[in-house]
Amino acid sequence: MTRHIAIIGCGPAGIYTAERLGRVAKDDRIDVIDRLPAPFGLVRYGVAPDHQSTKAIARTLARALTRDNVGFIGNVEIGKQISLAEVRAHYDAVVLATGAPLDRRLGIPGEDLPGVQGSIRFVGWYNAHPDHADLAPDLAGVAEVVVIGAGNVALDVARVIAKTEAELASADLDPEALGRLAAMPLKRITIAARRGLDAVKFTPIELEEMGNLAQARPVVDPADLPPPPTEGAEDKVTALLRGFAAVPADDPRPVEIRFAFNLTPAAFEGEDRLEAVRFDGPDGPVTLPAQLAVSCIGYNSIPCDDRAPERGCFANEDGRIEDGLYVVGWAKRGPSGTIPTNRKEAHEIADRLVAEIADNGRDGADGLLALLDARGVRPVAMSDWERIDAAEMARAIGTRPRHKFGSVAEMLAALD
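Below: a short report on this structure. (Residues numbered from 1 in each chain as written. Predicted model: local features only at pLDDT ≥ 70, side-chain atom pairs only at ≥ 80, totals over all residues. Heavy atoms only, no water.)

Some thoughts on the overall build of the protein
As a reminder, the rule being used: Secondary structure elements are taken from DSSP: a helix is a run of H or I of four residues or more, a strand is a run of E of two residues or more, and numbering for both begins at the N terminus. Note on exposure labels: buried denotes an accessible area under 20% of the residue type's maximum, exposed denotes more than 50%, and partly exposed covers the range between, all computed with a 1.4 Å probe on protein chains only. What makes two residues a contact is simply this: any of their non-hydrogen atoms within 4.5 Å.
Of the regular secondary structure elements, the protein holds 15 helices and 17 strands. The C-alpha extent of the protein, read off along each of the three principal axes, is 70 × 50 × 40 Å. The proportion of buried residues among the 416 residues of the protein is 53%. A separation threshold of at least 6 residues defines the contact pool for the protein, and within that pool the share at least 24 residues apart is 75%.

Printed below as a string of structure tokens:
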């Protein structure tokens, strides 16, 4: 008999779970369901568009979706076209791999002013995510930007804003977004960390990139740095920031990327749109002029139909929610770790699932697709995605790897 397993969410965590199941449960059938016609989740829509080497992992993920016992069912939203209970009725086990697609809020005055963005929305906009592609921020007249956060997402946002069109020539940045970014009269980006240098989450590779930009120079106040070590090696992040502090004041690059620490956001200020961000600093209030602020402070999961997360993720015991229902990735543990972290965890949960679930005689994809057909829903198979993928690459200009479709309707039109 064949057990049928559904994975809801086609980002790295979901695909790694499918990949493991496809290898260790060869007699079972695994279907990865996603609300978008495009797979790969965070790799496609969250990784910075100028980090093509990281995005290349999509090729590895795609191979997992082409195994004989693994299927992709895209353009199907659980809780909209079909309920979670209905999916569970057709599958012996269901794994939630829905990620954390909601920005955490700071909960301070002015957070809804025009010009204030969460990183999910801002990154989704320039990465042409269908949820955000038509929510272009007003960047006219933006000379000063504040990025709140002390991790790699904050560095990604600042770097993409600061790069020239030439530096982004080989990125899969949405062309409309690139034009808006390039037209900004940019003078200064401040990366504002809420805690001190010892608490930042920058990684050395990403931080080092900030010193090699064509039109932007990093600025660090030496007073924010500890004394140089008298012996032994200094950690790489501190050493890089020390190097930034030594950048000459007469460096000809016209844009500053200023690193600031120990600034707790207190309010976004402005009348009709953002004019400044006020912080509580060690010596009192600090106000930074800004026409754009991007908050990069983390993410929360969202409900999957009638299942709601608690404190940002789904309550679980080592990946198990209840009999026949599991969770992996950010939906399981919150937005932490890297893509390799997801792989290790997904494999562990896949092995647990294989050992625990029984064959209940469910009909899997046959029953699910029949129900969707009866409701007039057009699911997207892996072969359909390959056609969409080819169409995006064909419409790319110059050295760009692709020009993404920014809506579900455009993706589906490519199949007609």
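Some thoughts on helix H6 (residues 119-126)
The buried count for H6 comes to six of eight residues, which makes it a mostly enclosed element. All of the buried residues along H6 are Ser119, Phe122, Val123, Gly124, Trp125 and Tyr126. Ala128 sits one or two residues past H6 and shows a positive phi near 60°.

Let's talk about the packing of aromatic side chains
Centre distance and the angle of the planes are the two values used to describe a pair of aromatic rings. In plain terms, the rule: Aromatic pairing here means that ring centres of Phe, Tyr or Trp (its six-membered ring) are within 6.5 Å. Orientation follows from the plane angle: under 30 degrees is stacked, over 60 is edge-to-face, and everything else is tilted.
On inspection of all chains with the given rule, the structure shows six aromatic pairs. A ring pair is formed by Tyr299 and Trp330, whose centres lie 5.6 Å apart and whose planes are at 15°; its orientation type is stacked. Taken as a pair, Tyr299 in strand E15 (residues 299-300) and Trp330 in helix H11 (residues 330-333) lie far apart in primary sequence, 31 residues in all. Given the relative accessible area of 11%, Tyr299 is considered buried.

Things to note about the packing of H6 against helix H8 (residues 175-182)
Short version of the rule: To obtain an axis, a line is fitted to C-alpha atoms, over the contacting stretch when the element is a helix, and the angle between two such axes runs from 0 to 180 degrees between their N-to-C directions. If an angle is under 35 degrees, it is roughly parallel; if it is over 145, roughly antiparallel; if it lies from 65 to 115, roughly perpendicular; otherwise it is oblique. Residue polarity is assigned by list, with Asp, Glu, Lys and Arg as charged and Ala, Val, Leu, Ile, Met, Phe, Trp, Tyr, Cys and Pro as nonpolar; anything else, Gly included, falls into the polar class.
The interhelical angle for the contact between H6 and H8, taken along N-to-C directions, is 110°, at an axis separation of 7 Å. Here H8 runs roughly perpendicular to H6, going by the angle between their axes. Listed contacts from H8 to Phe122, Trp125 and Tyr126 of H6 are Glu176, Ala177, Arg180 and Leu181. By residue class, the composition of the contact of H6 with H8 is five nonpolar, no polar and two charged.

Regarding unusual backbone geometry
Backbone geometry at Asp305 places phi at a positive 60°, although glycine is not the residue there. Within the secondary structure, Asp305 is located in the loop between E15 and strand E16 (320-322).

So, the sheet that holds strand E6 (residues 116-118)
Our working rule: Strand pairing is assigned whenever DSSP identifies at least 2 bridges connecting the two strands.
The sheet built from six strands is open, its strands ordered E6-E14-E7-E8-E10-E9 with parallel pairing. The strands lining the two open edges of the sheet, one partner per strand, are E6 and strand E9 (216-220). Neighbour to neighbour, the strand axes of the sheet diverge by 20° on average, direction disregarded. As paired elements, strand E7 (residues 144-148) and strand E8 (residues 188-192) share five bridges and run parallel to each other. Following the sheet pairing, Val145 is matched in E8 by Ile189.

Quick look at the pairing of E7
With respect to burial, E7 is a largely interior element, five of its five residues being buried. Burial of the side chains of E7 extends over both faces: Glu144, Val146 and Ile148 are buried on one face and Val145 and Val147 on the other. In terms of strand pairing, E7 meets strand E14 (residues 292-295) through four bridges, oriented parallel. Its bridge partner being in E14, Val147 is matched across the sheet by Val294.

A closer look at the packing of helix H1 (residues 12-24) against helix H12 (residues 339-356)
The condition that has to hold: Crossing handedness is defined as follows: a turn of the near helix away from the far one that is anticlockwise and smaller than a right angle gives a left-handed crossing, while the clockwise case is right-handed.
Running from N to C, H1 and H12 cross one another at 45°; their axes reach a closest spacing of 8 Å. Taken together, the axes of H1 and H12 are oblique relative to one another. Of the two elements, H1 crosses H12, and the hand of that crossing is right-handed. For the pair H1 and H12, the contacting residues are Pro12, Ala13, Tyr16, Thr17, Glu19, Arg20, Leu21, Arg23 and Val24 in the first and Ile339, Asn342, Arg343, Ala346, His347, Ala350, Asp351, Leu353 and Val354 in the second. The residue inventory of the contact of H1 with H12, partitioned by class, reads 10 nonpolar, three polar and five charged.

A few points about the side chain of Gln291
Our working definition: Pairs of N or O atoms are called polar contacts if they sit within 3.5 Å, as long as, within protein, a hydrogen donor faces a hydrogen acceptor (for residues adjacent in sequence, only side-chain-to-side-chain pairs).
Inspection of the secondary structure puts Gln291 in the loop between strand E13 (284-289) and E14. A polar side-chain atom of Gln291 sits 2.8 Å from the main-chain amide nitrogen of Glu144.

Thoughts on the nonpolar core
How we decide: Working definition of a nonpolar core: buried Ala, Val, Leu, Ile, Met, Phe, Trp, Tyr and Cys residues. They are joined through side-chain atoms within 4.5 Å.
Counting 46 residues, the largest nonpolar core has Ile161, Leu241 and Phe259 as its most contacted members. If sequence neighbours within four positions are ignored, Leu241 has contacts with Leu197, Leu207, Val220, Leu225, Phe259 and Phe261. One finds Ala13, Ala346, Ala350 and Ile357 within the second-largest nonpolar core, a separate group that totals 41 residues.

Focus: the pattern of salt bridges
Between side chains of opposite charge, pairing is possible as soon as their charged atoms come close. Test applied: Only one rule defines a salt bridge in this text: a Lys or Arg side-chain nitrogen within 4 Å of an Asp or Glu carboxyl oxygen.
Scanning the entire structure with this criterion turns up 34 salt bridges. Here Arg44 and Glu392 are joined by a salt bridge, their closest N and O atoms 2.6 Å apart. Here Arg44 is found in helix H2 (residues 41-45), whereas its partner Glu392 is found in helix H14 (residues 382-394), with 348 residues between them in sequence. Residues Arg44 and Glu392 agree in their burial class; the two are buried. Between Glu348 and Lys344 there is a salt bridge, with the nearest N and O atoms lying 2.6 Å from each other. Of this pair, Glu348 and Lys344 both sit in helix H12, four residues apart, which is roughly one turn of the helix. Because the salt bridges share partners, they merge into one network encompassing Asp50, Asp156, Arg159, Lys163 and Glu209.

Honestly, that's just the spatial picture; any functional story needs more than this.
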